[in-house]
Structures are given as structure tokens and as C-alpha cells.
Amino acid sequence: MFDKILIANRGEIALRVHRACKELGIRTVAVHSTADSDAMHVRLADESVCIGPPPANESYLNIPAIITAATVTNADAIHPGYGFLSENANFASIVEEHDICFIGPTADHIALMGDKIASKNKVDELGIPVVPGSEGAIENIKDAHAMAEEIGYPILIKASAGGGGRGMKIVHKKSELEGSIKEAGTEALTAFGNGAVYMEKFLQNPRHIEIQVIGDGKGTVVHLGERDCSLQRRHQKILEEAGSPALNSNVRDNIGETTCNALSSLHYRNAGTVEFLYEGGEFYFIEMNTRLQVEHPVTEMVTGIDIVREQIKIASGSDISFSQNDITFNGHAIECRINAETPIDFRPSPGKVSTYHPPGGIGVRVDSGLYSGYSVLPHYDSLISKLVVHATSRNECLMRLNRALEEYVINGIETTIPLHQEIIKNRDFVNGDYNIHWLENFVETR
Ligand code: ADP
């Protein structure tokens, strides 16, 4: 097992990784920008190293500074968290070249899954159902027209190197196709440095359902069931639940098994999430994330498995601590992403938190780096807290979540707590009757 892990991240996820390390008896090194020197992850870590000024490009994405920090502190592994460098194959290679263990998959697997076209073709070959679409990047307009006719409008143009829900264009009819492809290509080049775009069928009313997996790199892959992440605004997840109100255990077992079989033949290592759209009883692969996911706690609550602990153990060479037969799903869990944003029009709301009082009690988990007096910074993501609630049934979970949201005090800045309070009282949501467009409509019409 490792002696010391450097956590190449900030905020709640740096804290989450720190906690798993402590429970394994591992010392931690925090890295931080000059703006984050008072952050909770820095305060709790055994050691900390300042790696640069506030802009992420100069600190949390600064590979030489992070490698230097790991070297001078003698860290034997790096956990990247999510976002920042977590899906950067180059970073994973550089870490390993410095004889430091990267707590994640191989660089090859990161690169494969980071390329949306290559990953889609690969998983298709391995038996995972994919969204009907072009097999490769769009090469010319004539072929694109032919392809769009075959798939049927509406279609979606997506960037091969895309991420974070950016760079997607819906095309409703033939006359819009050429312009949309050009626009998407230019945007993709600017945003991701790669202008390749592809097309797929635009599914009208799907749910976003994803399967959590853990692989040991030797061919064993276990799934931990699904999360329903259909509640999205601008393709960003807002609230997630496990299990999905739309699945039964047979459907879950089948898609879980298909996913595990495919990833087992790849010898996938690390936690990972395979994302699907689910419509008309069918699953359609959209992408795989080769890292810890923001919403992993709902899975931990229903399975009782500490996913970060497992990532660390596997990276140190251990086998997975459980087999598929050991996994049971208990009760229901919901996570609310609480952002420092105005709840009506979602403008960023950075600033000083004057009073902070998180909810507690049975079945309530809060993953957050906030404290009274902490200043939410304008430089980074607006996610400031994840409120995760677990109960024996979905109804009890909703009652508990309502009570926990009422208890939650974050004064001094605006947050999306009131939005969550509205969502969970809505009849459609209570009935589990929603899809990926539901939240956008809800926000526009309330
Ligand atoms: P990103 O990596 O940018 O997050 P994804 O491929 O994961 O992109 O898609 C993000 C979201 O966009 C999905 O959760 C879904 O809401 C929507 N989406 C993606 N592909 C399709 C599709 N073919 N039809 C309808 N919606 C889609």
C-alpha cells in the first residue's frame, strides 16, 4: 500500500479523496493555488504545496508544478479526482514516467475513451449498444447528407474531443445541416483544439442512465448498478439518483453484465462510468468517463462500497475487494449538486460565506469544503456542496431530502438550494416521470 498520496485537485473532491486516504492510513499532500491557501483540503492534508496563481491553467493544470510537488514531498501516488487532469492521458504517462503511481486507468484507455468516435466504435465492437450515427468523423457534406437521411432527422452534431456538454448542435432539417456542421467544427477547434465532429441520432425523450464499474486491470470488472442523471441544465447534471425510477433489477442486471463483459475484454482498470441514453426500453452508449464521477456518492450509499478506497487499493496492486455476487442494492439515494449560483437565472455568486451550517442526522451525507468565513472563489467551478441522502425507499428519501434542504444554512452567497426544494416537490419528479429535457422546461416555466 502507498505511504503518501498527492491529491491533484481542490474543493469537495480533494477532501473526499483525503478522507479515503486517512481511513487507509495513508498520508496526504494537498496542492493549491495562491487563492486556495485557506481551503479545507489544504487545512486537513498532512502537507501542502502551492503550485501557482489562481487561474487553473497555471496551477491545477500545471503538470510540471504538480510533478515537482509530488517529487519534493516523496509522494508515491497521485489521485487526480475529477475534472482538471483526471482524463489527460499525457498527464497519466508523465506521472508514471516519474515512477509515481497514477490512480486511474492506463494512459491508453484514457486516450481511447477521450476520443468519442474511437470509443464509440470500440464499445460497439465489444457488444455495447450505441446511438445510431456516423462511424467516423464527418469528412464531406455530401456524405453527411446521405448519412443524415439514413439516420433520420433530427440529428445531433457532436465534437469528437468534446466534454462538459459543450459543442453539440441539434439539426432538425436538411437545410440546416451544412451550416451546423461548419459551426460545430469551428467551435470544436476553438474549444478542444480538435475540429473533428460526428453525427448521431438525436433521441427525443431519453433518460440519462449510467453504469458505475470498477476494474482491476486483469480482466475482472464489477458493476455497482446505475445512476439516473437525467436532471440536467445545459447538459450539466443537477440532481442524480440511484437506482433509476425507470429500471427494474432485470434490466439493471442485463446492462450491467453487457458493460462488464465489454470492459473485461479491454482489461479496464480503475473506477469508470459508462453513460447511456435510455429510451423505449433500449440503451444507447454515449461515452465512458475513465475517472471518479461527481455523483459517485449515490452509488456508495446504496451499495455501501467506498469507491475511492477501492480505486486506491486497485492502483496499489490489490484485487477488487468484492465480486459481483457480493453487491446488493439497499434503498434509494439522491444527490443534490449545490452551486454558488442565483437559483432563478444561474448567475455565479462567489463571495464570503458568513454562516455555514450543514444538515445532519440519519441518512444524510454532505461532501463540501465550505465553512463559516470561507470565500467562494470566482476562478473555479461553482459546485460548493453535494447533499446526498439515503433512505429505505424513494419516498422516504424524498421526505428526508426535503428536511435536509430545509436545515441547510449557507448565508452570504446565493445557492441553488431553493431550486432543489422546488424540484423535489414537483409531481412529475415525485413520480419519477422525467427525461433529459424535463429540467430545462421546468426552469423555463416555473
Ligand atoms: P459531454 O461529454 O459533452 O458531456 P455527452 O455525450 O456525455 O457529452 O452528452 C451529454 C448530454 O447531452 C447527455 O447527457 C444528453 O443529455 C445529451 N445528449 C448526448 N447525445 C445525445 C443524443 N444522441 N440525443 C439526445 N441527447 C443527447
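The rules behind each value
- Residues numbered from 1 in each chain as written.
- Predicted model: local features only at pLDDT ≥ 70, side-chain atom pairs only at ≥ 80, totals over all residues.
- Heavy atoms only, no water.
- Buried < 20%, exposed > 50% of the residue type's maximum accessible area, 1.4 Å probe, protein only.
- Helix = DSSP H or I, 4+ residues; strand = E, 2+ residues; numbered from the N terminus.
- Arc of directions from axis to C-beta.
- Contact = heavy atoms within 4.5 Å.
- Polar contact = N/O pair within 3.5 Å; in protein donor to acceptor, adjacent residues only side chain to side chain.
- Phe/Tyr/Trp six-rings, centres within 6.5 Å; stacked < 30°, edge-to-face > 60°.
- Lys NZ or Arg CZ within 6 Å of the ring centre and 35° of its normal.
- Near = heavy atom within 4 Å.
- Areas by Shrake-Rupley, 256 points an atom, 1.4 Å probe, with all protein chains shown as cover.
- Nonpolar A, V, L, I, M, F, W, Y, C, P; charged D, E, K, R; others polar.
- Domains from an automatic or database assignment.

> Tell me about helix α15 (residues 438-445), residues and numbers included.
Among the residues of α15, W438, L439, F442 and V443 are the ones counted as buried. The buried residues of α15 all sit within an arc of 125° when viewed along its axis, so they share a single face. In α15, the exposed positions that point more than 90 degrees away from the buried face belong to E444 and T445. On its buried face, α15 sits against β10 (221-233), β11 (236-242), α13 (417-423) and α14 (427-430).

> Let's hear about helix α7 (residues 141-151): which residues, and what values?
If you check which residues of α7 are buried, you get A144, A148 and I151. On an axial view of α7, the arc spanned by its buried residues comes to 65°, and they lie on one face. Those residues of α7 that are exposed and aimed more than 90 degrees away from the buried face are K142 and E150. Looking at the buried residues of α7, the elements they touch are β6 (155-159), α8 (174-192) and β8 (197-201). At the N-terminal end of α7, a side-chain oxygen is found 3.2 Å from the backbone nitrogen of K142, two or three residues along, and the residue is N140. Once α7 ends, the next one or two residues include G152, with phi positive near 95°.

> Report on the packing of aromatic side chains, specifying residues and quantitative values.
This structure, assessed with the given rule, holds 10 aromatic pairs. Judged by centre distance (5.0 Å) and plane angle (15°), the rings of W438 and F442 are stacked. With W438 and F442 both in helix α15 and four residues apart, this pair spans about one turn of that helix. Each member of the pair, W438 together with F442, is buried. Of the aromatic side chains, those joined through ring pairs into one cluster are F276, Y278, F283 and F285. Between the NZ or CZ atom of R43 and the centre of the ring of Y371, over which it lies, the distance is 4.3 Å. Above the face of the F429 ring, R394 is positioned so that its terminal group lies 4.9 Å from the ring centre.

> Requested: an account of the site of the ligand, with residues and values cited.
In the vicinity of the ligand there are 21 residues, among which K116, G165, K201, H208 and E287 approach most closely. K158 has a polar side-chain atom sitting 2.9 Å from a nitrogen atom of the ligand. Between the ligand and the protein, one listed contact pairs a nitrogen atom with a side-chain N or O atom of E200 at 3.1 Å. Here the ligand loses 95% of its free accessible area of 550 Å² to cover by the protein chains. For the shell around the ligand, the secondary structure elements donating two or more residues are β6, β8, β12 (269-279) and β13 (282-289). When grouped by side-chain class, the residues that make up the shell around the ligand number eight nonpolar, six polar and seven charged. Three or more residues apiece are contributed to the shell around the ligand by two domains, here domain 2 (132-201) and domain 3 (207-445).

> Could you give an account of the side chain of S59, naming the residues involved and the relevant values?
Within the secondary structure, S59 is located in the loop between β3 (47-52) and α3 (63-72). Residues in contact with S59, not counting those within four places in the same chain, are S33, I51, G52, P53, P54, I66 and Y380.

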